[in-house]
Amino acid sequence: MTDKTITVKCVFFGSAKEMAGVGEYAATVPEGARASVLRKQLAERFVILGDAALETNIALNQQYVAVDDDPVLSDRDEVAMIPPISGG
Amino acid sequence: MAAAVDAAADDLCRVQAEPLSHDECVRFVTRDDCGAVATFLGVTRDNFAGKKVVTLRYEAYAPMAEAKMREICAAAREAFGVKRGAALHRTGEVAVGEASVILAFASPHRADALKAVAWAIDELKAKVPVWKQEVYADGAPAWKENAEFDPAKLSEPVGVPDDGAAG
């Protein structure tokens with residue numbers, strides 16, 4: 001089991017950004033980690049997000065992730081927290 | 001011969017902080033071979049659920065929002081046969097009476113452009129990563145959620161349903 005880690009850039013918007021208090025966060029996760037691992041880390045780092053960290057839609061490199069998908073992350077990926085949309 | 005043209009690259013899709021220009025959208029989509037230009041403007045309304053609204057504040061995941069608007073214009077071309085599209089979304093404060101979003105399509109005959117605009121604003125409200133906060137005369141601001149938004153369907157490709165909506 002390697003100790004290698006990767007860095008993932010997390011971006012927050014709307015209510016998620018307001019709750020987290022930041023717009024961006026550089027997360028370090030183990031190489032080979034899935035999005036669910038990142039979500040748990042965000043839930044721990046930003047306690048006030050609560051269940052939102054685990055349940056909010058996300059986008060990986062600007063592609064929405066299906067709710068039943070749990071993709072493996074790569075170094076320098078960008079993961080966006082996508083709260084319920086309200087454009088227009 | 002000429003390289004294949006990416007038709008979708010001919011559409012104007014932009015997120016901007018500056019006030020939106022309806023005129024820019026109309027001038028952009030208007031073509032000699034199109035007899036119809038249809039447009040939609042989403043404008044800040046002064047009330048919601050009995051409360052007085054002072055302004056709306058918009059945030060966008062700008063590069064992805066522009067990409068999604070481009071997908072919407074490309075889907076409109078395929079489904080409705082429109083020849084050119086424009087989609088502008090504003091960020092920051094959008095005061096009562098000002099436009100937060102403008103859509104425009106041009107088609108040879110009017111039925112297609114009108115259908116395209118109606119479909120496109122619904123799809124934008126469902127899929128484009130933009131968020132708004134309603135700021136009231138009294139009380140704390142509130143983040144809104146569009147009725148069109150469905151978390152289970154967010155990752156489905158942008159497109160027109162096969163039920164004849166494409167006419």
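Overview of the structure. (Residues numbered from 1 in each chain as written. Chains lettered and ligands numbered in written order. Predicted model: local features only at pLDDT ≥ 70, side-chain atom pairs only at ≥ 80, totals over all residues. Heavy atoms only, no water.)

## Here we look at the interface of chain A and chain B
Then, in step 1: Listed as interface residues are 23 residues of chain A and, on the opposing side, 29 residues of chain B.
Then, in step 2: Approximately 2,200 Å² of surface area, both sides summed, lies buried where chain A meets chain B, with 60% of it carried by carbon and sulfur atoms.
Then, in step 3: Remark: the boundary between chain A and chain B carries 0 salt bridges.
Then, in step 4: In this structure, the connection of chain A to chain B is made through 18 residue pairs in polar contact (both at pLDDT 80 or more).
Then, in step 5: With 4 residues, the top contributor of residues to the side of chain A that touches chain B is helix α1 (residues 14–20) of chain A.
Then, in step 6: Per-class residue counts for the side of chain A that touches chain B are 12 nonpolar, 8 polar and 3 charged. (Contact = heavy atoms within 4.5 Å. Buried area = accessible area lost by both parts, 1.4 Å probe. Salt bridge = Lys/Arg side-chain N within 4 Å of Asp/Glu carboxyl O. Polar contact = N/O pair within 3.5 Å; in protein donor to acceptor, adjacent residues only side chain to side chain. Helix = DSSP H or I, 4+ residues; strand = E, 2+ residues; numbered from the N terminus. Nonpolar A, V, L, I, M, F, W, Y, C, P; charged D, E, K, R; others polar.)

## Remarks on the environment of P157 of chain B
All names here are of chain B.
Then, in step 1: Within the secondary structure, P157 sits in the segment after β9 (142–143).
Then, in step 2: You can call P157 exposed: its relative accessible area is 71%.
Then, in step 3: On a C-alpha basis, the gap between P157 and I72 in space is 9.7 Å, while along the polypeptide they are 85 residues apart.
Then, in step 4: Excluding residues within four positions of it along the chain, P157 makes contact with E123 and K127. (Buried < 20%, exposed > 50% of the residue type's maximum accessible area, 1.4 Å probe, protein only.)

## With respect to the nonpolar core
Then, in step 1: Formed by 33 residues in total, the largest nonpolar core has its most connected members in F105, W119 and L124 of chain B.
Then, in step 2: Of all the elements in the fold, those that place two or more residues in this core are β1 (12–16), β2 (36–43), β4 (51–60), α2 (62–80), β7 (99–107), α3 (110–127) and β8 (130–136) of chain B.
Then, in step 3: Ignoring sequence-local partners within four residues, the contact set of W119 of chain B consists of I72, A75, A76, F80, V158, G159, V160 and P161 of chain B.
Then, in step 4: If you look at the next biggest cluster of nonpolar residues, it comprises 22 residues, including A33, L49, I58 and V65 of chain A. (Core = buried A, V, L, I, M, F, W, Y, C linked by side-chain atoms within 4.5 Å.)

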